[in-house]
Amino acid sequence: MLLKIFGLFLIFTGTSCEDVVDIPLDESEPRLVVEASILSYKESESNIQQIRLTESAPFYDEEIPPVENASVKIISETGLEYDFIHTSEGYYINENLNPILRETYELQIIYNDEVYTATETMMGVTDIDFIEQTATGGFAGDEIEVKVFYTDPGNEPNYYLFIFRNKKITLEIYEDKFTDGNQIFGYYSNEDIQPGDNIAVEMYGISKSYYEYLFILRAQIGENSGGPFETQPATVKGNVINRSNKENYPFGYFHLSEVDTSTYIVE
Amino acid sequence: MKQNFSLFILACCYAFTSFAQESYTLSGTITDASSNETLIGVNVLIPSLNTGVVTNEYGFYSLKVPEGTYDLVISYLGFQTITERITISSQTNLNFKLKESSEFLDEIVISQRSDGLNIKKPEMSLNKLSINTIQKMPVIFGEVDVIKSLLMLPGVSNAGEGSSGFNVRGGAVDQNLILLDEATIYNSSHLFGFFSVFNPDAIKDLKLYKGGIPAKYGGRVSSVLDIYQRDGNSREFKMQGGIGAISSRLLAEGPIVKDKGSFLIAGRSSYAHLFLKFTDNENSAYFYDLNTKLSYRLDDKNKLLFSGYFGRDVFSLSRNFKNTYGNTVLNLRWNHIFSDNIFSNLSVIYSDYYYGLTLGFVGFNWDSGIKNLNLKYDFDHYLNDTFQLKYGLQNTYYDFNPGEIEPIDETSGINYFKLNNKYALESAVYFSAEHNISEKLSAEYGLRYSGFYRIGRDELSIYENDSPVVYNEDRDIYEEAEPIGTQTYESGKIISSFGNFEPRFSIAYSFNDNQSIKASYNRMAQYLHLISNTSSPTPLDVWTPSGPFIDPQILDQYAFGYFRNFQDGIYSLETETFYKKIKNRIDYVNGANLIANNNIERVILNGKSRAYGLEVLFRKNEGRFTGWLAYTLSRAEQKTPGRTPVETGINGGDWYKSNYDKTHDVSITASYEASKKWEFNANFSFQTGLPSTFPTAQYSYENITVPVYAPRNSNRLPAYHRLDLSANYNPKISSEKDFRSSWSFGIYNVYNRKNAYSLTFRENSDTGVNEAVRLSLFGIIPSVTYNFSF
């Protein structure tokens, strides 16, 4: 946030400049990347679940290599097993898993003879109340802002992930430390929002540890990294553990969330 | 420790036995003839006795002299030297007024220098910059800046062009003790670090101690920047000011009672709309500060001084964002002279740092700050010509407000939330001796005992095994522990206490009048920590006291140096090497959220830091052409190992470079007086690029590109270099001497180098290709400043 203010100052004093430079980089060994978001949509009965496995790649590469020969399954608290079958491009599908709130699930992946596991609890989420738009958003007060209101359940800690899909994908995360029990909003504002945009809004209930994971992840991406007023870059470690070889840890996360969705057309 | 103490006792015995001669005290105050401003660091010498002393921070000197007649020489850079024959047959009080040399000599500032004492004095790792030198140096936007000038000295650097504060010998920004008229300044930056909070017009003198720090100072482990404000002219009313590209200044001073009392008031303000009006909304970003001083001499032995400082930065961008921060300092001092050889100063200081933030679109106000009340009593005791004692005691009461969140109005979804205030008391007693052991050997040694008490009222969390941070071995991450209870401490009850002996020692051996070697050791304790996990501190960062979960930082520093004057001091060379280590330097677990965190202990780990290096400073001190070359070769590192063998700590528990580590740092400052009207100045600096962390791979998560980073600070930005030029023009002084004006023309970054301020590795949102983006802050920037005085 500070960098943004700072950036504004510099831009308006007309002294700073940004340019793309050629910086050679060291390369690290590829690691497994797990995107395992098991979702239960409020307005949908679909039980189709999808897990994506890829590998990390050199930073300047344009292609992300998919992992196509892993074995993937999820086991419920009661011992039910859900096998995920590879379809294409590293996507693994199961059509029968409908996660139950507050139940714990285990993800098991076997890849290159190494066993990876992760455990998470299915998190619920409250409903989106309504969506509101004003034209006084952003630090400068001249951007379109979209507020997605919801009512936080009181007297318990809750964590939220909002994904706004417009031309770009924007992730916002919230905890209810300062808003417990109140009607509050997920906030989406940037200079690219135009009247007529069709914004898809997804509100996820997430666990505290997934919130913390995303908190670190967000600090590493895009314009949030680099510069004296930003936090130090770090390796973002998720909840998937390599049981066979600890050194060869994977990236990514396994979580189960209830989701409320909506769409909003910008006026 | 014990050894130092017995050495001190020995030295005292020696000092007192040499006391038996028939001698008298010669003492007095030395002032500037034109303003009655007291002068700091004036040399008072009796060459025939080979003895001398320099005036203290209040212009006072005292010498023990045997009965007889002597020539007394009083000299100070930029002033005419006084030589006077004096006869001592009783206690003598002699005050001197020095006249500025440039006013009376046709020659261009060729002043007599008597820097011989610097060779012989045990003080080392000390840089003095006169305000004249600072005002000449070319600076960005033409804004004269105390802290930016310090960066041209060896051993002083910062974490990039726009970063706040400064780093001394690999120390962090929060490890500098910054004193303005003896009061602590908590944030020395305006506009995130572009400018410092000190108005150069109001400053008389500054000293930067990088090592060998006298026992008088404590509470920070890295350096002491000791700045004194001017007292004001007690002879006549004067005004001066300047108009620059960013700010304007105005200063007024004059007598309250002629020759007895004076006032000084200085204001500085940037222009209200540094942000251009880029929208229809109200936007502004500005800073201002106000320095005030009242001084009144009651009689020859008593003087009262009142100083005040008030500074604020304000950013306001529509109703959505408003940010205000700044320091307030009030200080009342009483100078009293006991029996001609004991000078005392009693200070009562109030100091306050405030930070406020309003985020309208989120719906809250945020306030935080630190207040303290400080009582100090310091004595300078001139025992005899070979022995001088300084002793005193200091007491500071702190009230920390780590933060308070208020909903902006009743429609806001934010609940009121207040982090617990924290209270603490810091006390210290010290003594310090300056001892000329022989003609060639002199030493300064002392001991400080500091105590720190965290006191109630407070409510602290209790954790299982007393461990607020839990290591998750499976995931190799640190997590916050859940408190298992809380303990309430009533008001005034001691929560935790710390005590440290801090020995200080430095010694100088001079081979002759022009060559010496010096060595020093100092141990220091720091009880306050600036909670900041960004590469450079921000105004929002909160100071927090040591307590049950945070131990005080302890420093040990060793330095060794060789000093030499050439051609009677026209040239001088100072070389020093240093090694320092600090324990209990806190570090932050990945993802630590420091803002509005009532349990900071749950995101910090205890680490250590070390720094070592070589500094060379070669100066030309006299003539039309003056300047210096400074070179520093150094390394600054930090390490936070795991607490048990299974834990990995931070960065794998390995040493990593500090954010401000620069292997090579070269600065050249040159000034040439072409004529009485024109003066030209140049600065050049070359520095190894700052440490940075580059990615070694990438992956995709939720369709977002996530970089995989190398170990912390294992890469570097490209090398930094820059040339600045300035020309100062003083139009001919007219017959009516009252009104003077000058122009200063500057060019910053003459060859327009795009120095990388940061490198950001990101996905181009239009093309989807990953790229490295360089942000460079300042290209070539010309500036003009107009100054006047009357």
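Residues numbered from 1 in each chain as written. Chains lettered and ligands numbered in written order. Predicted model: local features only at pLDDT ≥ 70, side-chain atom pairs only at ≥ 80, totals over all residues. Heavy atoms only, no water.

Chemist: Give a detailed account of the overall build of chain B, specifying residues and quantitative values.
Modeler: Counting its regular elements, chain B contains five helices and 53 strands. Relative to the globule expectation of 28 Å for 790 residues, the C-alpha radius of gyration of chain B, 27 Å, shows essentially globular dimensions. Referenced to the eigenvectors of the C-alpha coordinate spread, the extents of chain B come out at roughly 90 × 60 × 50 Å. For chain B, with 790 residues in total, the buried portion stands at 62%. Taking the intrachain contacts of chain B between residues at least 6 apart in sequence as the baseline, contacts between residues at least 24 apart amount to 66%. (Helix = DSSP H or I, 4+ residues; strand = E, 2+ residues; numbered from the N terminus. Rg over C-alpha atoms; globule rule 2.2 N^0.38 Å. Buried < 20%, exposed > 50% of the residue type's maximum accessible area, 1.4 Å probe, protein only. Contact = heavy atoms within 4.5 Å.)

Chemist: I'd love a proper account of the overall build of chain A, names of residues and values included.
Modeler: Each helix and strand counted, chain A has two helices and 16 strands in total. Burial status across chain A gives 53% buried among its 267 residues. For chain A, the share of sequence-separated contacts (at least 6 apart) that also reach a separation of at least 24 residues comes to 63%. About 11800 Å² of surface is accessible on chain A, with carbon and sulfur atoms providing 46% of the total. (Areas by Shrake-Rupley, 256 points an atom, 1.4 Å probe, with all protein chains shown as cover.)

Chemist: Which residues make up the interface of chain A and chain B, and what are the values?
Modeler: Each partner contributes residues to the interface: chain A has 92 residues there, and chain B has 87 residues. For the chain A and chain B pair, buried surface summed over both sides reaches about 8200 Å², with 61% attributable to carbon and sulfur atoms. When the shortest N-O distance is used, the salt bridge between Asp19(A) and Lys754(B) registers 3.5 Å. Inspection of the region where chain A meets chain B yields 21 residue pairs in polar contact (both at pLDDT 80 or more). The greatest single-element share of the side of chain A that touches chain B, amounting to nine residues, is contributed by helix α2 (residues 208-220) of chain A. By residue class, the composition of the side of chain A that touches chain B is 44 nonpolar, 26 polar and 22 charged. Across five bridges, the pairing between strand β1 (residues 17-21) of chain A and strand β52 (residues 770-776) of chain B is antiparallel. Across the sheet, Cys17(A) pairs through a bridge with Ser776(B), a residue of β52(B). (Buried area = accessible area lost by both parts, 1.4 Å probe. Salt bridge = Lys/Arg side-chain N within 4 Å of Asp/Glu carboxyl O. Polar contact = N/O pair within 3.5 Å; in protein donor to acceptor, adjacent residues only side chain to side chain. Nonpolar A, V, L, I, M, F, W, Y, C, P; charged D, E, K, R; others polar. Pairing = 2+ DSSP bridges.)

Chemist: Describe the side chain of Gln515(B), and please don't skip the residues or the numbers.
Modeler: Residue and element names in this part refer to chain B. Tracing the sequence through the fold places Gln 515 in strand β35 (residues 515-526). Overall, the relative accessible area of 17% leaves Gln 515 in the buried class. For Gln 515, the side chain forms a polar contact with the side chain of Tyr 562, separated by 2.6 Å. Ignoring any residue separated from it by four or fewer positions in sequence, one finds Gln 515 in contact with Ile 119, Tyr 509, Ser 510, Tyr 562, Phe 563 and Arg 564.

Chemist: Report on the environment of Tyr210(A), specifying residues and quantitative values.
Modeler: Take Tyr210(A): it is sitting in helix α2. For the pair Tyr210(A) and Phe254(A), spaced 44 residues apart in sequence, the C-alpha to C-alpha distance is 8.6 Å. Dropping the residues within four chain positions of it, Tyr210(A) is found in contact with Glu120(A), Leu161(A), Tyr253(A), His255(A), Tyr701(B) and Glu702(B).

Chemist: Any chance you could break down the confidence of the model for chain A for me, citing the residues and the numbers?
Modeler: All names here are of chain A. Averaged over chain A, the pLDDT score is 88; the fraction of residues at 70 or greater is 89%. Highest mean pLDDT in chain A belongs to strand β7 (residues 104-111) (97); lowest belongs to helix α1 (residues 2-13) (47). Residue range residues 1-8 is modelled with pLDDT below 50. Its contacts to residues more than four positions away, or to other chains, number 23 contacts. (pLDDT = per-residue confidence, 0-100.)

Chemist: I'd like a rundown of the nonpolar core, residues and numbers included.
Modeler: Phe162(A) and Trp366(B) are the most contacted members of the largest nonpolar core, which has 68 residues in total. In this structure Phe162(A) touches Val148(A), Tyr150(A), Thr170(A), Leu171(A), Glu172(A), Tyr174(A), Gly186(A), Val201(A), Glu202(A) and Met203(A), once residues within four positions along its chain are discounted. With 31 residues, the next largest nonpolar core counts Ile131(B), Val144(B), Leu150(B) and Leu208(B) among its residues. (Core = buried A, V, L, I, M, F, W, Y, C linked by side-chain atoms within 4.5 Å.)

Chemist: So what's going on with the sheet that holds strand β9 (residues 126-129) of chain B? Which residues, and what values?
Modeler: All names here are of chain B. In space, the five strands of this open sheet follow the order β9-β16-β17-β12-β13, with mixed pairing throughout. Every other strand in the sheet has two partners, leaving β9 and β13 (183-184) as the edge strands with one partner each. Sheet topology places strand β12 (residues 176-180) next to strand β17 (residues 223-229); five bridges connect them, and they run parallel. Across the sheet, Leu 177 pairs through a bridge with Val 224, a residue of β17.

Chemist: Quick rundown of the sheet that holds β1(A)? Include the residues and the values.
Modeler: Taken in spatial order, the three strands of this open sheet run β1(A)-β52(B)-β51(B), and their pairing is antiparallel. The open sheet is flanked by β1 of chain A together with β51 (758-763) of chain B, the only strands paired with a single partner. Across the sheet, the mean angle from the axis of one strand to that of its neighbour is 35°, orientation sign disregarded. Taken together, the six bridges between β51(B) and β52(B) define a ladder with antiparallel strand orientation. (Axes fitted to C-alpha atoms, helices over the stretch in contact; angles between N-to-C directions.)

Chemist: A description of the confidence of the model for chain B should follow, citing residues and the corresponding values.
Modeler: The pLDDT averaged across chain B works out to 87; a share of 93% of its residues lies at or above 70. Across the predicted assembly, pTM comes out at 0.89 and ipTM at 0.91.

Chemist: Give me the lowdown on a nonpolar patch on the surface, citing residues and values where you can.
Modeler: Residues and elements named next belong to chain B. There is a patch of nonpolar side chains on the surface, built from Phe 625, Tyr 672, Trp 678, Phe 680, Trp 743, Phe 745 and Val 784 and spanning about 630 Å² of accessible area. Elements with a contribution of two residues or more to the nonpolar patch: β44 (678-687) and β50 (740-748). By relative accessible area, which is 37% here, Tyr 672 ends up partly exposed. (Patch = residues over 30% accessible without salt bridge, like charges linked within 9 Å, V, L, I, M, F, W, Y side chains within 5 Å.)

Chemist: Before we move on, could you go through the pairing of β44(B) and cite the residues and values that matter?
Modeler: Residues and elements named next belong to chain B. Of the two faces of β44, only the one carrying Glu 679, Asn 681, Asn 683, Ser 685 and Gln 687 is buried; Trp 678, Phe 680, Ala 682, Phe 684 and Phe 686 on the other face are not. Examined bridge by bridge, strand β43 (residues 664-673) and β44 share nine bridges and lie antiparallel to one another. Residue pairing in the sheet places Ile 668 in a bridge with Phe 684 of β44. Following β43, the chain reverses through four residues before pairing antiparallel with β44. Pairing analysis gives ten bridges linking β44 to strand β49 (residues 720-729), with the strands arranged antiparallel. Its bridge partner lying in β49, Ser 685 is registered against Arg 722.

Chemist: Please set out the pattern of salt bridges residue by residue, giving values where relevant.
Modeler: Close approach of charged atoms allows side chains of opposite charge to pair. Under the criterion given, the structure shown has 49 salt bridges over all chains. Here Asp192(A) and Lys168(A) are joined by a salt bridge, their closest N and O atoms 3.0 Å apart. Taken as a pair, Asp192(A) in the loop between β13 (183-189) and β14 (198-206) and Lys168(A) in the loop between β11 (159-165) and β12 (169-175) lie far apart in primary sequence, 24 residues in all. By relative accessible area, which is 31% here, Asp192(A) ends up partly exposed. By relative accessible area, which is 40% here, Lys168(A) ends up partly exposed. Residues joined by salt bridges that share partners form a network here, namely Glu37(B), Asp181(B), Lys204(B), Arg230(B), Asp231(B), Glu253(B), Lys293(B), Lys303(B) and Arg333(B).

Chemist: If you had to explain the pairing of β12(A) to someone new, which residues and values would you point to?
Modeler: All names here are of chain A. Summarising the sheet, β11 and β12 pair through seven bridges and their orientation is antiparallel. Considered in β12, the bridge of Phe 164 is made with Thr 170. What sits between the antiparallel neighbours β11 and β12 is a turn of three residues.

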